[in-house]
Amino acid sequence: MARAKKTTTAKVMEQVKEVKDAAVQAGKEMKEAAVTAAKEVKADETVEKAAAKVDAAVEKVEKAVKKAATKKSVKETVFVQYLGSEFDVEDLKKMVKEACVNEHKMKVSEIASMTLYVKPEEMAVYYVVNEGVTGKVQL
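Reference entry: report on the structure contained in this document. (Residues numbered from 1 in each chain as written. Predicted model: local features only at pLDDT ≥ 70, side-chain atom pairs only at ≥ 80, totals over all residues. Heavy atoms only, no water.)

Here's the deal with the nonpolar core
In terms of nonpolar packing, the biggest core is built from 14 residues, with Val-96, Cys-100, Tyr-127 and Val-129 touching the most fellow members. Mapped onto this core, the elements with two or more residues apiece are helix 3 (89–104) and strand 4 (124–129). No other element matches helix 3, which puts 5 residues into this core. Not counting residues up to four positions away in its chain, the partners in contact with Val-129 are Val-96, Cys-100, Met-106, Ile-111, Ser-113 and Met-114. (Core = buried A, V, L, I, M, F, W, Y, C linked by side-chain atoms within 4.5 Å. Buried < 20%, exposed > 50% of the residue type's maximum accessible area, 1.4 Å probe, protein only. Helix = DSSP H or I, 4+ residues; strand = E, 2+ residues; numbered from the N terminus. Contact = heavy atoms within 4.5 Å.)

Dropping the structure here:
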């Protein structure tokens, strides 16, 4: 199970890097578009013309960012199977969030990090939330 966690973590980190790289590229494109728009603005042009050129540059960058964001999106579904039982990881996350709300009086928006330890032989999920709140959810 530890190996699967490392593989999943590596994939997620790779996806994060790809999105970050796309954002950096979009930022570069935005800067280039702004510089180009500024060069094209001449002293005798009106503010409206300058604004139109800047709007066009911003629109171009927004399209690039949107394209990069949709390109990097991956839908994943993970199941844990053990001795004839099957558990959906998304359902386990929801159960832990509910436990945090009910048992620890937290708001879901307060959850910044969550580590799950699935123990199918015990029919339980142990969790660490925000690097300090711990507990167990029976399956």
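Brief notes about unusual backbone geometry
Within the chain, Lys-105 stands out as a residue other than glycine whose phi angle is a positive 55 degrees. Summarising the element assignment, Lys-105 is placed in the loop between helix 3 and strand 3 (114–119). Look at Lys-105 and you get exposed, because its relative accessible area is 68%. Within the chain, Asn-130 stands out as a residue other than glycine whose phi angle is a positive 55 degrees. Assignment of secondary structure puts Asn-130 in the loop between strand 4 and strand 5 (133–138).

Examining the pairing of strand 5
As defined by bridge partners, strand 4 adjoins strand 5 across 6 bridges and the pair is classed as antiparallel. Following the sheet pairing, Tyr-126 is matched in strand 5 by Lys-136. As consecutive antiparallel partners, strand 4 and strand 5 are separated by 3 residues, and within that stretch Asn-130 has a phi angle of approximately 55 degrees, a positive value. (Pairing = 2+ DSSP bridges.)

Some remarks on the pattern of salt bridges
The full count for this structure, using the stated rule, is 3 salt bridges. Within this structure, Lys-119, Glu-121 and Glu-122 form a network of salt bridges that share partners. (Salt bridge = Lys/Arg side-chain N within 4 Å of Asp/Glu carboxyl O.)

Here we look at the environment of Val-19
The topology assignment puts Val-19 in helix 1 (residues 2–40). Each C-alpha atom, one on Val-19 and one on Ala-68, is 7.2 Å from the other, the two residues being 49 residues apart in sequence.

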